[in-house]
Amino acid sequence: MAISRIQHEGLRQRLMSAEAAAALIAPGAHVGMSGFTGAGYPKAVPQALAARIAAAHAQGQDFRIGLWTGASTAPELDGALAKVNAVELRMPYQSDPTGRARINAGEMEYTDIHLSHVAQYVWFGFFGKLDVAVVEVAGILPDGRLIPSTSVGNNKTWLDQADKIILEVNSRMPEGLAGMHDIYYGTALPPERLPIPMTRADQRIGEPYLRCDPAKVIAVVETAQGDRNSKFAEPDAVSAAIAGHLIEFLQHEVKRGRLSPRLLPLQSGVGNIANAVLAGLNAGPFEQLQAYTEVLQDGMLDMLSSGKLSHASATALSLSPEAWERFERDMAFYRERIVLRPQEISNHPELIRRLGLIAMNAMIECDLYGNVNSTHVMGSSIMNGIGGSGDFARNAYLSIFMTPSTAKGGKISCLVPMASHVDHTEHDVQIIVTEQGLADLRGLSPKERAALLIERCAHPDYRDALRDYFERARRGAPGQHTPHLLGEALSWHTRYLRQGDMRAAT
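How each quantity is defined
- Residues numbered from 1 in each chain as written.
- Predicted model: local features only at pLDDT ≥ 70, side-chain atom pairs only at ≥ 80, totals over all residues.
- Heavy atoms only, no water.
- Helix = DSSP H or I, 4+ residues; strand = E, 2+ residues; numbered from the N terminus.
- Buried < 20%, exposed > 50% of the residue type's maximum accessible area, 1.4 Å probe, protein only.
- Polar contact = N/O pair within 3.5 Å; in protein donor to acceptor, adjacent residues only side chain to side chain.
- Contact = heavy atoms within 4.5 Å.
- 1 Å grid on protein atoms, 1.4 Å probe; cavity = no way out; pocket = protein on both sides within 12 Å on 5 of 7 lines; lining within 4 Å.
- Points joined across faces, edges and corners; volume = space filled by probe spheres on them.
- Nonpolar A, V, L, I, M, F, W, Y, C, P; charged D, E, K, R; others polar.
- Core = buried A, V, L, I, M, F, W, Y, C linked by side-chain atoms within 4.5 Å.
- Axes fitted to C-alpha atoms, helices over the stretch in contact; angles between N-to-C directions.
- Parallel < 35°, antiparallel > 145°, perpendicular 65-115°, else oblique.
- Left-handed = near helix turned anticlockwise from the far one by under 90°.
- Arc of directions from axis to C-beta.
- Pairing = 2+ DSSP bridges.
- Salt bridge = Lys/Arg side-chain N within 4 Å of Asp/Glu carboxyl O.
- Phe/Tyr/Trp six-rings, centres within 6.5 Å; stacked < 30°, edge-to-face > 60°.

## Some remarks on the side chain of Ser-346
If you trace the backbone, Ser-346 turns up in helix H13 (residues 343-346). You can call Ser-346 buried: its relative accessible area is 0%. One polar contact links the side chain of Ser-346 to the main-chain carbonyl oxygen of Gln-343, over a distance of 3.4 Å. A distance of 2.7 Å separates the side chain of Ser-346 from the side chain of Asn-347, its partner in a polar contact. Here Ser-346 is in contact with Tyr-292, Thr-293, Ala-314, Thr-315 and Phe-392, once residues within four sequence places are set aside.

## A short note on the layout of surface pockets
Roughly 360 Å³ of volume is contained in the second largest pocket. As for the second largest pocket, its lining consists of 19 residues, and the residues nearest its centre are Thr-187, Ala-188, Arg-193, Glu-344 and His-348. When residues of the lining of the second largest pocket are traced back to their parent elements, those giving at least two are helix H6 (115-124), helix H7 (155-161) and helix H14 (349-355). It is H6 that contributes the most residues to the lining of the second largest pocket, four residues altogether. In the lining of the second largest pocket, the residues fall into eight nonpolar, six polar and five charged.

## Focus: the nonpolar core
Counting 73 residues, the largest nonpolar core has Leu-296, Phe-327 and Ile-338 as its most contacted members. Broken down by element, this core gets its largest block of residues, six residues, from helix H8 (residues 237-255). Excluding anything up to four places from it in sequence, Phe-327 contacts Leu-177, Met-180, Leu-301, Leu-317, Leu-319, Tyr-334 and Ile-338. Core analysis: the next-biggest nonpolar cluster, separate from the first, contains 42 residues, Ala-56, Ala-80, Tyr-110 and Val-295 among them.

## Considering the packing of helix H10 (residues 298-306) against helix H11 (residues 321-329)
Two numbers describe how H10 lies on H11: the axes approach to 10 Å, and their chain directions differ by 40°. On the basis of their axis angle, the class for H10 and H11 is oblique. In this structure, H10 meets H11 at a crossing whose hand is left-handed. In contact with Asp-298, Leu-301, Asp-302 and Ser-305 of H10, H11 contributes Ala-323, Arg-326 and Phe-327.

## Notes on unusual backbone geometry
Residue Pro-92 is bonded to the preceding Met-91 through a cis peptide linkage, with omega at 5°. As for its placement among the helices and strands, Pro-92 is situated in the loop between strand E3 (87-91) and helix H5 (97-104). Geometrically, the link from Pro-190 to Pro-191 is a cis peptide bond, its omega value of 10° lying close to zero. Its identity is not glycine, yet Gln-288 carries a phi of approximately 55°, on the positive side. Within the fold, Gln-288 resides in the loop between helix H9 (272-282) and strand E10 (289-292). Owing to a relative accessible area of 40%, Gln-288 belongs among the partly exposed residues under this scheme. Positive phi, close to 55°, is recorded for Met-378, a residue that is not glycine.

## Considerations on H5
Listed in full, the buried residues belonging to H5 are Gly-99, Arg-100, Arg-102 and Ile-103. Along the axis of H5, the buried residues cluster in a sector spanning 165°; they form a single face. Tucked into the core, H5 has its buried residues touching helix H4 (75-83), strand E4 (109-110) and strand E19 (381-382). If you check the start of H5, you find a side-chain oxygen 3.0 Å away from the backbone N of Thr-98, and it comes from Asp-96.

## Overview of the sheet that holds strand E16 (residues 365-367)
Strand order across the open sheet formed by three strands is E17-E16-E23, with mixed pairing between neighbours. In this open sheet, the two edge strands, each paired with only one partner strand, are strand E17 (372-373) and strand E23 (415-416). The pairing of E16 with E23 spans two bridges and is parallel. Opposite Cys-366, over in E23, you have Leu-415 as the bridge partner.

## Quick notes on the pattern of salt bridges
Side-chain pairing between opposite charges can occur once the charged atoms of the two side chains come close. This model, assessed by the stated rule, comprises 31 salt bridges. The residue Arg-472 makes a salt bridge to Asp-468 at a minimum N-O spacing of 3.0 Å. Linking Arg-472 with Asp-468, this pair stays in helix H17 (residues 460-476), spanning four residues, or about one helical turn. For Arg-472, a relative accessible area of 26% corresponds to the partly exposed category. Among the charged side chains, a network of salt bridges with common partners joins Glu-253, Arg-258, Asp-440 and Arg-442.

## Examining the packing of aromatic side chains
One pass over the full model with this rule turns up 10 aromatic pairs. Look at Phe-333 and Tyr-334: their rings are 5.1 Å apart centre to centre, the planes differ by 80°, and that puts the pair in the edge-to-face class. In this structure an aromatic cluster arises from ring pairing among Trp-68, Tyr-121, Phe-124, Phe-126, Phe-127 and Trp-158.

Structure representation (structure tokens):
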């Protein structure tokens, strides 16, 4: 690595191997690591720590840590630590298959919380002391300030709150990232809080670098490794249909005068459906759009390149290898149009409501009355976590949830009589979209929502069964505001667990 990436003379003296740095993390420590959706996570220290913990376990020693991040990371971090059963408690969001399996087997504790809450809860002391921060950066300035990497996440809080800091300085991260970030240091604890001075999605209110007390830095590790980003699948017929319904709805809102032709700032969840929607918007009639979101994916990069999107605010970049090459090649162009913020700002309810976002997120299932499950499979097994979807859904101008109408080859209906777990109540859900159609639930009573969801969003294979349940509930439920037959409301889930198919045997 070029020595110019570490310009602080004192911190150069703390250069060491990943193994030596990992040896400074004690058993039982609360460790805050950088990383948000596969971007900006430390690459070397977690793997060295996993090897150290595996060796300790082999000698019969009890060695586990509490792992706090911004959101999901990658196999070099979550996967490596989960494989050796190194994590006692994980929060606030994860997506690693091994980690998920340990959580669902009861071998790892998991705290699933709104991403906007993490930083303030740590400041409040709700989770105890943060012992060590392990943060990837693109460089260290002469005064000790840090050039952030491809995600900001909770790094500001980790650096402020941790007793000790380990820095991974990654020379694979482009030096052109400098200046793309906006780190706001104006937050305070109640009752000293003041309004956040932001009224536009493209506005900068902070500093381009992270502050860091050099006296707290106990190790600096050199790395030269890119983020583990994956290629997104091309939009299939289902995701393209979902995108088509949504764009048609937005056009209708413009015609009704409820949206301008420039819409409102866009928030988009992560995944193939989200990218299909962004591809549809890129080809659609709307111009000079803006984004205020968590993660900037390929679809938004395409929209910036085409000019459809004028600016994008996020907390992380999550790009396919092909998109990353384009991003790196045209860094100067994107640096003028992208701003990366701490997740306590990207997901802040005050800003989401003030800016009036159009929030588009994925779900696992929805019930007849608009309650959405975005985290659990069959009621008790975690998938990934709520992430930021709740931050956006409750506070957005438009709260939209999307999913294919069926899963597992048609064996699961994503519209069910009663959701097996609820993350977003009917009060926070306005629009449901599947490839079958779009249901606008605004202003409708529960029974009106149910009728519309069945006709617009249910797969034909399940529509008659949903009608039958709803009609019998309207005749036999003890209360008729939100009629349910409690003895069979979750019978579709139990049938799937018993026979592998929600559909009744014929």
